[in-house]
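The primary structure of each chain is shown beneath.
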Amino acid sequence: MRAFHRDVPAPGDDRRIGLDVLAVPPGATIVLDVRLESVTEGVYVSGTASAPLAGECARCLDDLTDHVTVEIGELFAYPDSVTDETTDEDELPRVADDHVDLEQTVRDAVVLTLPLAPLCSDDCPGLCPECGERRADLGPDHGHETLDPRWAALRERMPN
């Protein structure tokens, strides 16, 4: 078994790790603490990956930042092993030229951990559906007059 600590930059926008609303910023440092163990059918990689996150609140659209740490556990099959021969190409990663590529493994672990609708706070009130302003910035008496369109013609006839 061999343990490794690596600080690697996150991939650019075209291979971004995350979702549209919350992701690891391109170029941000991803910290990998992993153990590589040789097993009969390949190399088992286990450990953690930590990275900063940036995105926007799904309710109020304010910028938000966070940090994620995910557990990694993946078998990389040796070429020409029984596992290599009995699994599909996209089912299990492979050892290539005595190297393992952790990018897809880290990407999968991070994306599965992220919330689909990240919030700046659990009680974020969001935006007013009428005017689009943040409800947290509006007073308690904030409201909008809604007039039934059938009565609009009569309102025009009323004196001010």
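Residues numbered from 1 in each chain as written. Predicted model: local features only at pLDDT ≥ 70, side-chain atom pairs only at ≥ 80, totals over all residues. Heavy atoms only, no water.

### Examining the overall build of the protein chain
1) Next: Counting its regular elements, the protein chain contains three helices and five strands.
2) Next: N-terminal to C-terminal, the α/β element order of the protein chain is β-β-β-β-β-α-α-α.
3) Next: Seen through its C-alpha atoms, the protein chain measures out along the principal axes to roughly 90 × 30 × 25 Å.
4) Next: Counting over 160 residues, the protein chain shows a buried share of 29%.
5) Next: Sequence separation of 24 or more characterises 53% of the internal contacts of the protein chain that already satisfy a separation of 6 or more.
6) Next: For the protein chain, the accessible surface area stands at approximately 11000 Å², while carbon and sulfur atoms represent 49% of it.
7) Next: Looking at charge distribution, the protein chain has the averaged site of its 13 positive side-chain charges lying 9 Å from that of its 34 negative ones. (Helix = DSSP H or I, 4+ residues; strand = E, 2+ residues; numbered from the N terminus. Buried < 20%, exposed > 50% of the residue type's maximum accessible area, 1.4 Å probe, protein only. Contact = heavy atoms within 4.5 Å. Areas by Shrake-Rupley, 256 points an atom, 1.4 Å probe, with all protein chains shown as cover. Lys, Arg positive; Asp, Glu negative; His and termini not counted. Charge placed at Lys NZ, Arg CZ, Asp CG, Glu CD.)

### Some words on the environment of Asp-66
1) Next: For Asp-66, the location among the structural elements is in strand β5 (residues 63-77).
2) Next: Take Asp-66: its relative accessible area is 48%, and that puts it in the partly exposed class.
3) Next: With 59 residues separating them in the primary sequence, Asp-66 and Asp-7 have C-alpha atoms 18 Å apart.

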